[in-house]
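Chains, contacts and geometry: an overview
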Amino acid sequence: MRHLILLLLVFASLAGCRKSESRVVVYCAQDREFAEGLFADFEIKSALKVTTKFDTEANKSVSLAAELEREAERPRCDVHWNNEIIGTIRLARQGVYEPYESPNAGPFPEWTRPQSRMWQSFASRARVLIVNTKLLPTEAERPVSLLDLTDPKWKGKLTMAKPQFGTTATHAACLFEVLGTEAAERFYQGLNANGITLLPGNKQVAQGVARGDFAVGMTDTDDALIELNDGKPVAIIFPDRAGHALHPRLGTLYIPNTLALVKGGPNPDAAKRLIDYLLREETEARLAEGGGFQIPLNPKVSAKLPPALLTPSQVKPMAVDFAKAADLWETTQAFLRDKFAR
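Residues numbered from 1 in each chain as written. Predicted model: local features only at pLDDT ≥ 70, side-chain atom pairs only at ≥ 80, totals over all residues. Heavy atoms only, no water.

Concerning the overall build of the protein chain
- Along the backbone of the protein chain there are 12 helices and 10 strands.
- Over its C-alpha trace the protein chain gives a radius of gyration of 22 Å, about what one expects of a compact globule, namely 20 Å for 342 residues.
- Considering only C-alpha atoms, the protein chain reaches an extent of 85 × 40 × 35 Å along its principal axes.
- Within the protein chain, contacts between residues separated by at least 24 positions form 76% of all contacts whose residues are at least 6 apart in sequence.
- Looking at the protein chain as shown, the accessible area adds up to about 15,200 Å², and 54% of this sits on carbon and sulfur atoms.
- Of note, the protein chain has its 42 positive side-chain charges centred 3 Å away from the centre of its 41 negative side-chain charges. (Helix = DSSP H or I, 4+ residues; strand = E, 2+ residues; numbered from the N terminus. Rg over C-alpha atoms; globule rule 2.2 N^0.38 Å. Contact = heavy atoms within 4.5 Å. Areas by Shrake-Rupley, 256 points an atom, 1.4 Å probe, with all protein chains shown as cover. Lys, Arg positive; Asp, Glu negative; His and termini not counted. Charge placed at Lys NZ, Arg CZ, Asp CG, Glu CD.)

Now the structure itself:
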């Protein structure tokens, strides 16, 4: 009888393992409307169930990262799809991920992944300015550089998302790394002096400028292009696209998505299959052309991008060291809380 009970326990354990490996859990900071179709197709092709956790526009990357930190001892997540790379670097340093080099990562440039292979970058967006063309009808009236926004003529006319979260926070850390602390602080002090309005997220920034509530907003390409394609009176400016005379490393910031395998996740084999699937050429093409307007990083991907969407080969990209920007994260956040905690 004892042997029978032991056999039943073993079979139950094996059945539990098989049941667990029949799904994969993803914490995803990419917009739901662009990620869900990919997950649905993966389910059909793999016979695996994808369980997803998304979050709100305003705090998604921050809250998902916090959840991964809390669950580090007993992970519930298998794959982390992040949309801002500094958060990914910080989680990797905390031991949240484990190395995995997908066979589909080969064509990507070497800079898109660390030597540790803790994560892989793909599908980037740019940080841009969106302007209302009714309020600023000529190009001569519009800003060219981010640093132009500290001019007092923009007082009461500017908006951005809360700088402690998401890609706006990443942008700030990158500016501190590229400009140096003193110049970056002057920039944000100038925005504060101009009474910049803080909104919950980049989508709300783009919508506010499109309505004419503001003349200029700082946002991401995907949110700006939605308003432009809807026929709203807006134009997109890639800031510092020709560089800056006083700050030679300044340019347009491109922020990639990242994929990472969570250390100790419940479904490691299924997780690797999903990462492999998302790093296919077809995925980046779909993210570029399917309404998300993500710029492919795999040089083998051929995608038809909107004319208003400029790639790093068409402008001067910001020459940022993301790892050093991550080093400055706490200092940057403390400064931003002090200036914009409202």
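There's more to say after this.
With respect to the confidence of the model for the protein chain
- Confidence in the prediction for the protein chain averages 91 pLDDT; 92% of positions are at 70 or higher.
- Segment residues 3-19 is flagged for pLDDT under 50; beyond a separation of four residues in sequence, or across chains, it makes 0 contacts in the model. (pLDDT = per-residue confidence, 0-100.)

A few points about helix H7 (residues 202-211)
- Those residues of H7 lying buried are Asn-202, Val-205, Ala-206, Gly-208, Val-209 and Ala-210.
- Trailing H7 by a residue or two, Gly-212 shows a phi angle of about 90°, which is positive. (Buried < 20%, exposed > 50% of the residue type's maximum accessible area, 1.4 Å probe, protein only.)

Some details on unusual backbone geometry
- Phi is positive for Ala-47, close to 65°, though the residue is something other than glycine.
- Among the secondary structure elements, Ala-47 is positioned in the loop between helix H2 (32-46) and strand E2 (49-53).
- On the basis of relative accessible area, Ala-47 is assigned to the exposed category, the value being 68%.
- The phi angle at Asp-240 is positive, at roughly 55°, despite the residue not being glycine.

Side note on empty space enclosed by the protein
- Counted according to the given criterion, the structure contains 3 cavities of 30 Å³ or more.
- Estimates place the volume of the second largest cavity at around 60 Å³.
- Every residue lining the second largest cavity is listed: Tyr-100, Ser-102, Arg-117, Met-118, Trp-119, Gln-120, Leu-259, Ala-260, Leu-261, Ile-275 and Leu-279.
- In terms of residues, the lining of the second largest cavity owes the most to one element, strand E10 (residues 254-262), which gives 3 residues.
- A class-by-class count of the residues in the lining of the second largest cavity yields 8 nonpolar, 2 polar and 1 charged. (1 Å grid on protein atoms, 1.4 Å probe; cavity = no way out; pocket = protein on both sides within 12 Å on 5 of 7 lines; lining within 4 Å. Points joined across faces, edges and corners; volume = space filled by probe spheres on them. Nonpolar A, V, L, I, M, F, W, Y, C, P; charged D, E, K, R; others polar.)

Looking at the pairing of strand E1 (residues 23-28)
- By the criterion of burial, E1 is predominantly enclosed, with 5 of the 6 residues buried.
- For the crossover from E1 across H2 to E2, the handedness is right-handed.
- Examined bridge by bridge, E1 and strand E3 (residues 79-82) share 3 bridges and lie parallel to one another. Bridged to Tyr-27 within E3 is His-80. (Right-handed = clockwise from strand over helix to strand, strands pointing away. Pairing = 2+ DSSP bridges.)

Describing the pairing of strand E6 (residues 158-161)
- Of the two faces of E6, both are covered, the one formed by Leu-158 and Met-160 as well as the one formed by Thr-159 and Ala-161.
- Here E6 runs beside strand E8 (residues 216-220); their pairing, made up of 3 bridges, is parallel. If you follow Met-160 over to E8, its bridge partner there is Met-218.
- In terms of strand pairing, E6 meets strand E7 (residues 197-199) through 3 bridges, oriented parallel. The residue bridging Met-160 from the neighbouring strand is Leu-198, located in E7.

Considerations on the pattern of salt bridges
- Summed over the entire model, instances satisfying the criterion amount to 18 salt bridges.
- Arg-249 is the partner of Glu-177 in a salt bridge, and the nearest nitrogen-oxygen pair spans 2.6 Å. In this pair, Glu-177 sits in helix H5 (residues 166-179) while Arg-249 sits in the loop between strand E9 (234-237) and E10, placing the two residues 72 residues apart along the sequence.
- When its relative accessible area of 30% is taken as the criterion, Arg-249 is described as partly exposed.
- Between Arg-280 and Glu-282 there is a salt bridge, with its nearest N and O atoms 3.8 Å apart.
- Overall, the relative accessible area of 23% leaves Arg-280 in the partly exposed class.
- Each member of the salt-bridge network shares a partner with another, and the members are Glu-101, Glu-110, Arg-113 and Arg-117. (Salt bridge = Lys/Arg side-chain N within 4 Å of Asp/Glu carboxyl O.)

Comments concerning the side chain of Gln-164
- Summarising the element assignment, Gln-164 is placed in the loop between E6 and H5.
- Filtering out sequence-adjacent residues up to four positions away, Gln-164 remains in contact with Val-62, Ala-169, Gln-333, Leu-336, Arg-337, Phe-340 and Ala-341.

Section: the side chain of Arg-127
- Here Arg-127 is to be found in strand E5 (residues 120-132).
- On the accessibility criterion, Arg-127 (1% relative accessible area) is buried.
- A distance of 3.1 Å separates polar atoms of two side chains, one belonging to Arg-127 and the other to His-171.
- Beyond its immediate chain neighbours, meaning those up to four positions away, Arg-127 contacts Thr-167, Thr-168, His-171, Asn-202, Met-218, Thr-219, Asp-220, Pro-239, Thr-252, Leu-253 and Ile-255. (Polar contact = N/O pair within 3.5 Å; in protein donor to acceptor, adjacent residues only side chain to side chain.)

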